[in-house]
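One-letter residues, chain by chain:
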Amino acid sequence: MKAALLNPPSSLSNPSSSTRHTIRPTRSPSHISFSTSAASSASISSSSSPAPKPIVIVGSANADIYVEIDRLPLEGETISARSGRTLPGGKGANQAFCSGRLSLSDHATYLVGRVGSDAHGRLLEDSLGEGNAVRLDRLTRADSVPTGHAVVMLQPNGQNSIIIVGGANMNGWDDKLTEEDLVVVRGAGMLLLQREIPDWVNLQVAQAAKAAGVPVIMDAGGMDAPIPSELISLIDIFSPNETELARLTGMPTDTFEQISQAATKCHKLGVKQVLVKLGSQGSALFIEGEDTIRQPIIPASEVIDTTGAGDTFTAAFAVALVEGKPKAECLRFAAAAASLCVQVKGAMPSMPHRNSVIKLLQSIQ
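Residues numbered from 1 in each chain as written. Predicted model: local features only at pLDDT ≥ 70, side-chain atom pairs only at ≥ 80, totals over all residues. Heavy atoms only, no water.

Across its full length, the protein carries 12 helices and 14 strands. Going through the 365 residues of the protein one by one, you find that 52% of them count as buried. Across the protein, the fraction of contacts at a sequence separation of at least 24, relative to all contacts at a separation of at least 6, is 72%. When the accessible surface of the protein is summed, it comes to about 15800 Å², and 51% of that surface belongs to carbon and sulfur atoms. (Helix = DSSP H or I, 4+ residues; strand = E, 2+ residues; numbered from the N terminus. Buried < 20%, exposed > 50% of the residue type's maximum accessible area, 1.4 Å probe, protein only. Contact = heavy atoms within 4.5 Å. Areas by Shrake-Rupley, 256 points an atom, 1.4 Å probe, with all protein chains shown as cover.)

On the basis of which strands lie adjacent, the open sheet formed by 4 strands has the order β4-β3-β7-β8 and mixed pairing. Because the sheet does not close on itself, it has two edges, and the strands there are β4 (83-89) and β8 (160-165). The sheet shows a mean angle of 20 degrees between the axes of neighbouring strands, direction not considered. Both strand β7 (residues 148-154) and β8 contribute to a ladder of 6 bridges, which runs antiparallel. Within β8, the position partnered with M153 by the bridge is S161. (Pairing = 2+ DSSP bridges. Axes fitted to C-alpha atoms, helices over the stretch in contact; angles between N-to-C directions.)

What follows is about the UniProt feature "binding site: substrate" (unreviewed entry) in the protein. UniProt marks N62, A63, D64, G90, K91, G92, A93, N94, E196 and D311 with the feature "binding site: substrate" (unreviewed entry), using the numbering shown here. Mapped onto the fold, G90 is located in the loop between β4 and α2 (91-102). Its relative accessible area of 4% is what places G90 among the buried residues. Sequence-distant contacts of G90, that is, excluding residues within four places in its chain, are made with S60, A61, N62, D64 and E196. Structurally, N94 can be placed in helix α2. Contact partners of N94, with chain neighbours within four places excluded, come to P88, G89, D311, A347, M348 and M351. (UniProt positions renumbered as here; feature names shortened; annotations may be inferred.)

Where α2 contacts helix α10 (residues 309-322), the two axes come as close as 8 Å, and the packing angle between them is 45 degrees. Between α2 and α10, the interaxial angle falls into the category oblique. As for the relative orientation of α2 and α10, their crossing is right-handed in sense. Contact with α2, carried on its side by K91, N94, Q95, C98, S99 and L102, involves D311, T312, T314, A315, A316 and V319 of α10 and no other residues of that element. (Parallel < 35°, antiparallel > 145°, perpendicular 65-115°, else oblique. Left-handed = near helix turned anticlockwise from the far one by under 90°.)

Turning to the environment of T314, a few remarks are in order. Mapped onto the fold, T314 is located in helix α10. C-alpha of T314 to C-alpha of P240: the two residues are 74 residues apart in sequence and 9.8 Å apart in space. Excluding anything up to four places from it in sequence, T314 contacts Q95, L192, I217, D219, S239 and K277. Engagement of the side chain of T314 in a polar contact is seen with the side chain of K277, the distance being 3.4 Å. (Polar contact = N/O pair within 3.5 Å; in protein donor to acceptor, adjacent residues only side chain to side chain.)

Residues of helix α3 (residues 119-128) that are buried: G121, L124, E125, S127 and L128. Here the buried face of α3 lies against β3 (62-68), β4, α2, β5 (109-116) and β6 (139-142).

Moving on, we come to the confidence of the model for the protein. For the protein, per-residue confidence averages 87 on the pLDDT scale, and residues scoring 70 or more make up 87% of the total. Averaged over each element, pLDDT in the protein is lowest for helix α1 (residues 39-43) (41) and highest for strand β2 (residues 55-58) (98). Note on residues 7-23: pLDDT is under 50 here. Beyond four places in sequence and across chains, it has 22 contacts. Scored below 50 in pLDDT, residues 38-47 makes 6 contacts in the model with residues more than four places away or belonging to other chains. (pLDDT = per-residue confidence, 0-100.)

Turning our eyes to something else, we now look at the nonpolar core. The biggest cluster of nonpolar side chains holds 47 residues, and the ones touching the most others in it are L102, L111, L128, I217, F317 and F333. Not counting residues within four places of it along the chain, the set of residues in contact with L102 comprises A316, V319, F333, A337, P352, H353, R354 and V357. Counting residues in hydrophobic clusters, the runner-up holds 43 residues, among them V112, L234, F238 and M251. (Core = buried A, V, L, I, M, F, W, Y, C linked by side-chain atoms within 4.5 Å.)

With the rule as written, the count across this model stands at 18 salt bridges. Here D219 makes a salt bridge to K91, at a shortest N to O gap of 3.7 Å. Residue D219 is located in strand β10 (residues 216-222), and its partner K91 is located in helix α2; the two are separated by 128 residues in the primary sequence. Across this residue pair, the class does not change: D219 and K91 are buried. Residues K272 and E288 are paired through a salt bridge, measuring 3.1 Å at the closest nitrogen-oxygen approach. (Salt bridge = Lys/Arg side-chain N within 4 Å of Asp/Glu carboxyl O.)

Two elements in contact, helix α11 (residues 327-341) and helix α12 (residues 354-363), have axes whose closest approach is 9 Å; the angle formed by their N-to-C orientations is 110 degrees. Between α11 and α12, the angle is such that the two are roughly perpendicular. Within the contact between the two elements, α11 uses R332, F333, A336, A337, S339 and L340 and α12 uses S356, V357, L360 and L361. Partitioning the contact of α11 with α12 into residue classes produces 7 nonpolar, 2 polar and 1 charged. (Nonpolar A, V, L, I, M, F, W, Y, C, P; charged D, E, K, R; others polar.)

In structure tokens form, the structure reads like this:
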């Protein structure tokens, strides 16, 4: 299988395969350190303390066209859907909305993105602005292209297949980001990226973040193409699922040992932390030079729809991390959020509120 992550610098072209990961499972905390509101954090801070830095997501916003089907159609076959509807989605919008729901009230979330001047764009603006969860100052309308959309084929077991049409996400950007966009990025406490927008946009904002000392998390979901070496070098935490990890490294990921070896390859290429989403097997955080942290899933009472679960996990991890929680606790918080997500249909509608996640964590201590 040919490696596809990037074209590494010559100094990294022959990485050693000797690096090993020692697995350190997470432990159930004796107490939950997450507060349910901003009150507890405000009570221990000075009134003159600066406001917490926001989480900034630069990414896609889609209208998700859901069709519920009994099975996927065969080649050349036409089948009937049991139902269909249009819901807000897109990896960037999903992560922003989830961050807004999970963050303390004094922690802002911004979405930097592009939508069209159409009904789908208005749907996204209205949904993201619900309850002032997401600051939309930098969600810009592109007049010449439609809003991006996706066709989500949902099967009875909750699994889905998705086809994405880029629209404004891919073609609504000017040649250079505005200074207003970059100011928001430089002032962030955490920057989240995905691959449903052009790589050059991700590169510009990652460069701005790096220069300002802002940590960068990249979710690997999106386009099926190599990641430019200039971009990968700016990422602090790279977060693929096992399928994406296999495709981008050109290595098998059928076993945990193989996943560990693929994560090691990412380390050799400059990514110090690799957060792998493993579906029913939970997740694992591979930190170069440190023990691997594993987190099992927190079982859902019923799996209704897995759409948005990966975005929920990534956003929840970022929310906990920007609050200064230990990484093992960040993984546990993310696992609980993802467990709640899969129990509701739709991407954004399934994103849990902070109180619900904390109650679930308290119930399983």
